[in-house]
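# Breakdown of the fold
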Amino acid sequence: AQKITQTQPGMFVQEKEAVTLDCTYDTSDPSYGLFWYKQPSSGEMIFLIYQGSYDQQNATEGRYSLNFQKARKSANLVISASQLGDSAMYFCAMSRNGGGSEKLVFGKGTKLTVNP
Amino acid sequence: NAGVTQTPKFRILKIGQSMTLQCAQDMNHNYMYWYRQDPGMGLKLIYYSVGAGITDKGEVPNGYNVSRSTTEDFPLRLELAAPSQTSVYFCASSYSTGGAGYTFGSGTRLTVV
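Residues numbered from 1 in each chain as written. Chains lettered and ligands numbered in written order. Predicted model: local features only at pLDDT ≥ 70, side-chain atom pairs only at ≥ 80, totals over all residues. Heavy atoms only, no water.

### Thoughts on the state of the cysteines
Using the criterion set out here, one finds 2 disulfides over all chains in the structure. Across a sulfur-sulfur distance of 2.0 Å, A:C23 and A:C92 are joined as a disulfide pair. The chirality of the disulfide connecting A:C23 with A:C92 is left-handed, given an S-S dihedral of about -65 degrees. Of this pair, A:C23 sits in the loop between β3 (19-21) and β4 (24-26) while A:C92 sits in strand β10 (residues 88-98), placing them 69 residues apart in sequence. Each sulfur in the disulfide pair B:C23 and B:C91 lies 1.9 Å from the other. Residues B:C23 and B:C91 are joined by a disulfide whose S-S torsion is about -70 degrees; by sign, that bridge is left-handed. Of the two residues, B:C23 sits in strand β3 (residues 19-25) while B:C91 sits in strand β9 (residues 87-94), which places them 68 residues apart along the sequence. (Disulfide = S-S within 2.5 Å. Helix = DSSP H or I, 4+ residues; strand = E, 2+ residues; numbered from the N terminus.)

### Some words on the pairing of β3(B)
The side chains of a regular strand alternate between the sheet's two faces. Residue and element names in this part refer to chain B. Of the two faces of β3, the one holding M19, L21, C23 and Q25 is buried and the one holding T20, Q22 and A24 is not buried anywhere. Relative to β3, strand β1 (residues 4-7) runs antiparallel, the two being bridged by 4 bridges. In the sheet register, Q6 faces β3, and the bridge partner there is C23. Judged from the 3 bridges that link them, β3 and strand β8 (residues 76-78) form a sheet pairing that is antiparallel. (Buried < 20%, exposed > 50% of the residue type's maximum accessible area, 1.4 Å probe, protein only. Pairing = 2+ DSSP bridges.)

### Looking at the nonpolar core
Residues and elements named next belong to chain A. Among the nonpolar cores identified, the biggest contains 24 residues, and L34, W36, I49, L77 and Y90 are the most heavily contacted of them. Of all the secondary structure elements, the ones that give two or more residues to this core are β3, β5 (32-39), β6 (46-52), β8 (64-69), β9 (74-79), β10 and β12 (110-115). With sequence-adjacent residues up to four places away left out, Y90 is seen in contact with Q6, L21, W36, Y37, K38, L48, L77, I79, G109, T110 and L112. (Core = buried A, V, L, I, M, F, W, Y, C linked by side-chain atoms within 4.5 Å. Contact = heavy atoms within 4.5 Å.)

### Digging into the packing of aromatic side chains
Under the counting rule described, the total for this entry stands at 18 aromatic pairs over all chains. Measuring from ring centre to ring centre gives 6.0 Å for A:F35 and A:Y37, while their planes differ by 10 degrees; the resulting arrangement is stacked. There is no split in this pair, since A:F35 and A:Y37 are both buried. Summarising the aromatic geometry, the rings of B:Y33 and B:Y102 are spaced 4.8 Å apart at their centres and angled 20 degrees between planes, so their arrangement reads as stacked. (Phe/Tyr/Trp six-rings, centres within 6.5 Å; stacked < 30°, edge-to-face > 60°.)

### Concerning the sheet that holds β1(B)
The pairing of strands in a sheet comes from backbone hydrogen bonds and takes either a parallel or an antiparallel form. Residue and element names in this part refer to chain B. Strand order in this open sheet of 4 strands is β1-β3-β8-β7, and the pairing throughout is antiparallel. Strand pairing shows two members of the sheet lacking a second neighbour, β1 and β7 (64-66), which therefore form its edges. Here the average twist between neighbouring strands, direction ignored, is 20 degrees. The pairing of β7 with β8 spans 3 bridges and is classified as antiparallel. The partner of N65 across the bridge, within β8, is R77. (Axes fitted to C-alpha atoms, helices over the stretch in contact; angles between N-to-C directions.)

Rendered as structure tokens:
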């Protein structure tokens with residue numbers, strides 16, 4: 001069975017600094033995807049970044065980058081130059097690809113607080 | 001472009017009542033999903049559909065039913081509501097594998113008392 005582990009219940013960072021949110025995963029599937037979502041206090045799920053298991057390079061989207069270490073089964077999210085608006089819950093998720101559908105398995109999340 | 005629309009946004013049910021959570025998408029996505037998010041937790045898959053007329057169970061299907069008569073709509077039915085079903089429910093849709101194509105609705109906050 002697939003499993004996502006986020007070991008940091010809460011993280012604090014100073015504005016303009018970088019922060020790394022940890023995510024480890026477990027799967028026996030050769031093909032999978034790794035997602036990061038942001039959930040602000042308003043509750044919506046905001047897609048941040050995606051990494052496919054066969055992608056050779058680490059994914060980047062603006063200030064977000066995914067540090068993908070396949071052998072260690074880790075997919076950490078790096079946020080550069082933190083902003084106050086980055087304060088939110090962050091969820092790592094893994095997809096099982098089958099028939100075109102993607103069923104996501106989520107971690108428990110990390111609450112990030114950006115201090116001014 | 002509305003994306004994924006969920007109604008209602010909030011609902012309070014009494015134990016034993018039934019209700020349907022509505023979900024509609026206008027992106028012509030084949031794949032649709034229902035997740036629930038309990039307090040302090042990540043999302044868990046309830047049911048999913050790979051196309052009209054085809055549905056299947058996810059991780060936590062007990063107490064729920066779904067149908068998919070059209071590509072656009074994927075309602076979630078709660079029969080005999082229980083306090084354990086107090087949660088935030090998210091509908092999502094996708095058109096392919098990989099990232100930004102996976103779109104979530106804004107959620108329905110359900111309280112069973």
